Amino acid sequence: MTADTTEPEEYAAGPAERRREQRGWYFYDFACSVYSTSVVTVFLGPYLTSVARAASDAEGFVYPLGIPVRAGSLFAYTVSASIVVAVLVMPLVGAVADRTGRKKPLLAASAYLGAAATAGMFFLAGERYLLGAFLLIVANASLAVSMVLYNAYLPQIAEPDERDKVSSRGWAFGYTSGALVLVLNLILYSGHESFGLTEGEAVRICLASAGVWWGAFTLVPLRRLRDRHVRAAGAERAGAVGGGWRQLRATLRDMRRHPLTLSFLLAYLVYNDGVQTVISQASVYGSEELGLDQTTLITAVLLVQVLAVAGALGMGRLARTHGAKRTILGSLAVWTLILAAGYFLPAGEPLFFYFLAAAIGLVLGGSQALSRSLFSHLVPRGKEAEYFSAYEMSDRGLSWLGPLVFGLAYQLTGSYRDAIISLVIFFAVGFVLLARVPVRRAVEEAGNPLPERI
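Note that the coordinates shown come from a computational prediction; the quantities given were computed from them, not determined experimentally.

### Section: the overall build of the protein chain
Step number 1: Within the protein chain one finds 17 helices and two strands.
Step number 2: Burial statistics for the protein chain: of 454 residues in total, 54% are counted as buried.
Step number 3: Sequence-distant contacts, at least 24 apart, represent 83% of the contacts inside the protein chain between residues at least 6 apart.
Step number 4: Counting every atom, the protein chain has about 18800 Å² of accessible surface; 63% of that belongs to carbon and sulfur.

### Points about the environment of Leu-364
Step number 1: Mapped onto the secondary structure, Leu-364 falls in helix 12 (residues 350-376).
Step number 2: Here the alpha-carbon distance between Leu-364 and Gln-276, two residues 88 residues apart in the chain, equals 9.7 Å.
Step number 3: Filtering out sequence-adjacent residues up to four positions away, Leu-364 remains in contact with Tyr-175, Val-275, Ile-279, Val-304 and Trp-335.

### Re helix 11 (residues 324-343)
Step number 1: Here helix 11 is 20 residues long and its end C-alpha atoms lie 29 Å apart, about the 28 Å a rise of 1.5 Å per residue gives.
Step number 2: Within the sequence span of helix 11, burial applies to Ala-324, Lys-325, Thr-327, Ile-328, Leu-329, Ser-331, Leu-332, Trp-335, Ile-338, Leu-339 and Gly-342.

### With respect to the pattern of salt bridges
Step number 1: Evaluated as defined, the whole model comprises six salt bridges.
Step number 2: Where Asp-29 meets Arg-372, a salt bridge forms, and the shortest distance between an N and an O atom there is 3.9 Å. You can see Asp-29 sitting in helix 1 (residues 15-55) and its partner Arg-372 sitting in helix 12, a full 343 residues away along the chain.
Step number 3: Assessed through its relative accessible area of 3%, Asp-29 is described here as buried.
Step number 4: In this structure, the salt-bridge partner of Arg-441 is Glu-445, at a minimum N-O distance of 3.5 Å.

### Quick word on a positive patch on the surface
Step number 1: On the surface, Arg-19, Arg-20, Arg-23 and Arg-223 cluster together to form a positively charged patch.
Step number 2: Of all the elements, helix 1 adds the most residues to the positive patch, at three residues.
Step number 3: On the secondary structure map, Arg-23 appears in helix 1.
Step number 4: Classification of Arg-23 as partly exposed rests on a relative accessible area of 42%.

### Overview of the packing of aromatic side chains
Step number 1: In this structure the tally under the stated criterion is 20 aromatic pairs.
Step number 2: Measuring from ring centre to ring centre gives 5.4 Å for Phe-27 and Phe-173, while their planes differ by 75 degrees; the resulting arrangement is edge-to-face. Placement of Phe-27 in helix 1 and of Phe-173 in helix 6 (residues 163-190) is noted, with a sequence separation of 146 residues between them.
Step number 3: In textbook terms, an aromatic cluster arises when at least three aromatic residues are bridged by ring pairs, as seen for Trp-25, Tyr-26, Phe-27, Tyr-28, Phe-30, Tyr-150, Phe-173, Trp-213 and Phe-217.
Step number 4: Taking NZ or CZ as reference, Lys-103 lies 6.0 Å from the ring centre of Tyr-153, over its face.
Step number 5: For Arg-204, the ring lying beneath its charged end belongs to Phe-122, and the centroid distance is 4.7 Å.

### Describing the side chain of Thr-327
Step number 1: Mapped onto the elements of the fold, Thr-327 is located in helix 11.
Step number 2: The residues contacting Thr-327, other than those within four sequence positions of it, are Met-315, Leu-318, Ala-319, His-322 and Leu-370.

### Brief notes about a nonpolar patch on the surface
Step number 1: Taken together, the side chains of Phe-122, Phe-123, Leu-131, Phe-134 and Ile-205 define a hydrophobic patch exposed on the protein surface, amounting to about 440 Å² of accessible area.
Step number 2: Structurally, Phe-122 is set in the loop between helix 3 (103-119) and helix 4 (129-152).
Step number 3: Given the relative accessible area of 32%, Phe-122 is considered partly exposed.

Conventions we followed
- Residues numbered from 1 in each chain as written.
- Predicted model: local features only at pLDDT ≥ 70, side-chain atom pairs only at ≥ 80, totals over all residues.
- Heavy atoms only, no water.
- Helix = DSSP H or I, 4+ residues; strand = E, 2+ residues; numbered from the N terminus.
- Buried < 20%, exposed > 50% of the residue type's maximum accessible area, 1.4 Å probe, protein only.
- Contact = heavy atoms within 4.5 Å.
- Areas by Shrake-Rupley, 256 points an atom, 1.4 Å probe, with all protein chains shown as cover.
- Expected span 1.5 Å × (residues − 1).
- Salt bridge = Lys/Arg side-chain N within 4 Å of Asp/Glu carboxyl O.
- Patch = residues over 30% accessible without salt bridge, like charges linked within 9 Å, V, L, I, M, F, W, Y side chains within 5 Å.
- Lys, Arg positive; Asp, Glu negative; His and termini not counted.
- Charge placed at Lys NZ, Arg CZ, Asp CG, Glu CD.
- Phe/Tyr/Trp six-rings, centres within 6.5 Å; stacked < 30°, edge-to-face > 60°.
- Lys NZ or Arg CZ within 6 Å of the ring centre and 35° of its normal.

Structure below.
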């Protein structure tokens, strides 16, 4: 292993200054999580589909760029396109951020581009499905890029023994804002007539308000976070933008020198694919297999948001006692039990679906927060943004296999129950892969100090 010649400034500040930065860091989750909750999970999919259907021909097709697309498939295809854009851009931005040490301007640019695109969704009236698709691609890709930069701050603002707590609080802030804005949006949406609005106008205001919220609260981390000009071994600052792709290739070569870090990334890719698929397909399962109405499904999403706050904080405390790895492994076992319970849920019984949503909320935030903090220990100093771009690609850019398995299981069996239970394989394989990663040795090989518990 080569000698570590980085010159870290992570902990040069005193405890008070570090806590100030941490509080500012939490607020980016608070700012952007409303997009994921209100826009992607609740409102945009059905609304963009209705706009596309208004523009479709007699056979139900629209023709973006001359390509025939069923109106009902437009949202899914657009999300896939945004993932492709994000995968292309995230590693480049991460490499540039580490070469220049200027994460904050890049964070500002990606955050405000995404917020502006989201606010622009107010204009999705009539048959403007192409505008909607374009804004969704920009907003989704911008969010992914901004999260690379946001996550890369974690090892710089928190000492090793603090990271589980700090990461969990960040997730808790995000779920809190998601729940708060979703409540306000539901009040506006359900009472739109009393506000003198049509249903479409209410949805467009809900979409745009998420962009305004995202942009407004991004000011807090931009004021409190500071750039650190950490120089990695062999890094050159000149020509950072032009050398971004060269740096990306160097990063990929460098990651082969840290096989245990890659082993963790593989485990995370597998079990996180299962997590993301459960989240994205739960509403389909509830409506199509269990026969639940839209109000029940939206209320269940709100319940997940509220309990995810307690789950993130509670699992953060468990990690301080038992270590992040053991706590994540425990959460994967709980995810498996959730899927088994979901398989046996009776149709037309909202109460049982709420119990399932509550269980998902309690493990969702914690498993994601602790995965992020655990990975932060495995990243070589001075390469935070580059490595977190790979992490974010695992989180967002490569989570396609789970939906494919879910869809194939339904296509072959005609049963959503068989489709939901098929996802157990992701948590079982992810559990085995994570259990085999010697995380203490992985931290040492990355050249980082060992926390007391990991």
